[in-house]
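# Notes for the structure review
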Amino acid sequence: MDRDSVDRVISIILRKYGRSFSHELSIPIEDNTAPALFQLLTAAVLVSRARLDCGLRAARLVFDEGWSSPETLAQSTWEERTAVLSQAGYTHHDTVARVLGDAADLLLDWYEGDVHQLRQEARYDPIQERILLKKITGVGDSAADFFFREVQIIWDEIYPFADRLVSESAALAGLPTDPATLAFFTNREGFVRLAAGLVRMKAKDAFDDVRKEVVVSSS
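Bear in mind the structure is a predicted one, so any value in this text is a computation, not a measurement.

The rules behind the values
- Residues numbered from 1 in each chain as written.
- Predicted model: local features only at pLDDT ≥ 70, side-chain atom pairs only at ≥ 80, totals over all residues.
- Heavy atoms only, no water.
- Core = buried A, V, L, I, M, F, W, Y, C linked by side-chain atoms within 4.5 Å.
- Buried < 20%, exposed > 50% of the residue type's maximum accessible area, 1.4 Å probe, protein only.
- Helix = DSSP H or I, 4+ residues; strand = E, 2+ residues; numbered from the N terminus.
- Arc of directions from axis to C-beta.
- Contact = heavy atoms within 4.5 Å.
- Polar contact = N/O pair within 3.5 Å; in protein donor to acceptor, adjacent residues only side chain to side chain.
- Expected span 1.5 Å × (residues − 1).
- Salt bridge = Lys/Arg side-chain N within 4 Å of Asp/Glu carboxyl O.
- Patch = residues over 30% accessible without salt bridge, like charges linked within 9 Å, V, L, I, M, F, W, Y side chains within 5 Å.
- Areas by Shrake-Rupley, 256 points an atom, 1.4 Å probe, with all protein chains shown as cover.
- Lys, Arg positive; Asp, Glu negative; His and termini not counted.
- Charge placed at Lys NZ, Arg CZ, Asp CG, Glu CD.

Before going further, it helps to spend a moment on the nonpolar core. In this structure, Phe-147, Leu-175 and Leu-198 are the most contacted members of the largest nonpolar core, which totals 82 residues. Broken down by element, this core gets its largest block of residues, 10 residues, from helix α3 (residues 34–48).

Looking now at helix α9 (residues 126–133). Among the residues making up α9, those that are buried are Glu-129, Arg-130, Leu-132 and Leu-133. The buried residues of α9 occupy one face: seen down the axis, they fall within an arc of 165 degrees. Turning to α9, the residues buried within the fold contact α3, α7 (93–111), α8 (115–121) and α10 (141–151). Sitting at the amino-terminal end of α9 is Asp-125, which places a side-chain oxygen 3.0 Å from the backbone nitrogen of Ile-127.

Attention shifts here to α7. In a regular helix each residue adds 1.5 Å, so 19 residues correspond to 27 Å; α7 covers 26 Å between its end C-alpha atoms and thus fits that length. Taken together, the buried positions of α7 are occupied by Val-96, Ala-97, Val-99, Leu-100, Gly-101, Ala-103, Ala-104, Leu-106, Leu-107 and Tyr-111. As for α7, its buried residues are in contact with α3, α4 (52–64), α5 (70–75), α6 (78–88), α8 and α9. Of the residues one or two after α7, Glu-112 is the one with positive phi, at around 55 degrees.

So, on to the pattern of salt bridges. Counting across every chain of the model gives 15 salt bridges. As a salt-bridge pair, Asp-208 and Arg-211 come within 2.5 Å of each other at their nearest N and O atoms. Taken as a pair, Asp-208 and Arg-211 lie in helix α14 (residues 207–218) at a separation of 3 residues, close to a single helical turn.

Now for a negative patch on the surface. Taken together, the side chains of Asp-64, Glu-65, Glu-79 and Glu-80 make up a negatively charged region of the molecular surface. When you line up the elements, Glu-79 lands in helix α6. On the accessibility criterion, Glu-79 (52% relative accessible area) is exposed.

So this is what it looks like as structure tokens:
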């Protein structure tokens, strides 16, 4: 695919699907505060344990309850969390409710509730950051990937990051799959939005839709 074609595909993806998940969930990630990082991590755990739409809906409901910091989430009861996750559509809402509570407790015990401390302990090394993140209850590779895709807007050591899901989606869209090559075609904010857009396309199986629009726009 030539440069003009790549630019055209990226432009369509950004216009139709390119909204970062942080922005969709009203997480002020650019502020780089402890609550924002916690909210992003919470969303990552929730999305990794359900369909994308269900996970995002659960994150909104959790934040609407005021559980936007490890302190407030730790103060909630298992029954309260179970009710919210059930409303969001989780099948195993009782298990996920326990996971959220345990994750909040662990963050408070190990890092005083501040993911910045985890980053500092990892010495700003992405490999070590992933290792430490995965020691938190509920954080597996999928949750770590979600977190990295969004946090790279402010964590320089992560950018440009594209996990296997983004790379597979990029291939289906006819785009380069290498993160550095893909990042060449847009700026940092655009790259984060593009990664989110490719994830949405995968969830919606929207590749034919984009291909048709590419054909129309190039005719």
